[in-house]
Amino acid sequence: MTQDLASEATQEDETPSSPATSEGLHENLTQILDEISSTAGHLDRGQLADVARLVWEAPRVFVVGAGRSGLVLRMAAMRLMHLGLGVHVVGDTTTPAISAGDLLIAASGSGTTAGVVKAASTAAAVGAKIAVYTTAPESPLASRADAVVVIPAARKTDHGSTVSCQYAGSLFEQVLLLATEAVFQSLWDADGTPAEELWLRHANLE
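The rules we used
- Residues numbered from 1 in each chain as written.
- Predicted model: local features only at pLDDT ≥ 70, side-chain atom pairs only at ≥ 80, totals over all residues.
- Heavy atoms only, no water.
- Helix = DSSP H or I, 4+ residues; strand = E, 2+ residues; numbered from the N terminus.
- Buried < 20%, exposed > 50% of the residue type's maximum accessible area, 1.4 Å probe, protein only.
- Polar contact = N/O pair within 3.5 Å; in protein donor to acceptor, adjacent residues only side chain to side chain.
- Pairing = 2+ DSSP bridges.
- Right-handed = clockwise from strand over helix to strand, strands pointing away.

Attention now goes to the side chain of serine 170. Tracing the backbone through its elements, the reader meets serine 170 in helix α7 (residues 170-191). Serine 170 gets classed as buried once you look at its relative accessible area, which sits at 13%. Within the structure, the side chain of serine 170 is placed 3.3 Å from the side chain of arginine 68, a separation counted as a polar contact.

Right, dumping it as structure tokens:
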């Protein structure tokens, strides 16, 4: 029993303490907030207005993005659905064919994500409009767009920490969320539907 107690004591001594301190967390939170504020502050309002106009005019809206960018656009799609728009997420089994006059909203930090570029090419071929969020205005994706919002954030492969201290494309994705929320908020301002009515469209099969 004495040996067991000694073994337990040794295991307790070897248990690592928490890797995060309150001071370290505060510093990181402050750094992230500063990066988001600075980057969002450099967004071109005219570019965002172009996207809002395309959404306003489109009979249907489709969104496409890979990974975390795709998750952000799914959130944006929900908000547009709350406004009463016909919105579809590319890749879902119930998503119909895109047609002339529809709008495809695409997001890719690099502007080279193969599946996203292919979707934009298909949309362009049928006469649909395309709005793009990217860090790369000269990219293949941006070249297919009717409206481009340039988010001046690091690309996920930029590991030099020269633009952001955060890993991979986190800053792009964070500011992408803010950009899509700003577009939604502006469209809602123009629409004027009370929040209580928007809420009636929220999913009730959850």
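More follows now that the structure is in view.
Another aspect to go through is the pairing of strand β1 (residues 61-65). Most of β1 sits inside the fold, with four of its five residues counted as buried. Here β1 runs beside strand β2 (residues 87-89); their pairing, made up of three bridges, is parallel. Counted as the bridge partner of valine 61 is valine 87 from β2. In the classification by handedness, the crossover that spans β1, the intervening helix α4 (residues 67-82) and the parallel β2 is right-handed. Relative to strand β3 (residues 103-107), β1 runs parallel, the two sharing five bridges. Counted as the bridge partner of phenylalanine 62 is leucine 104 from β3.

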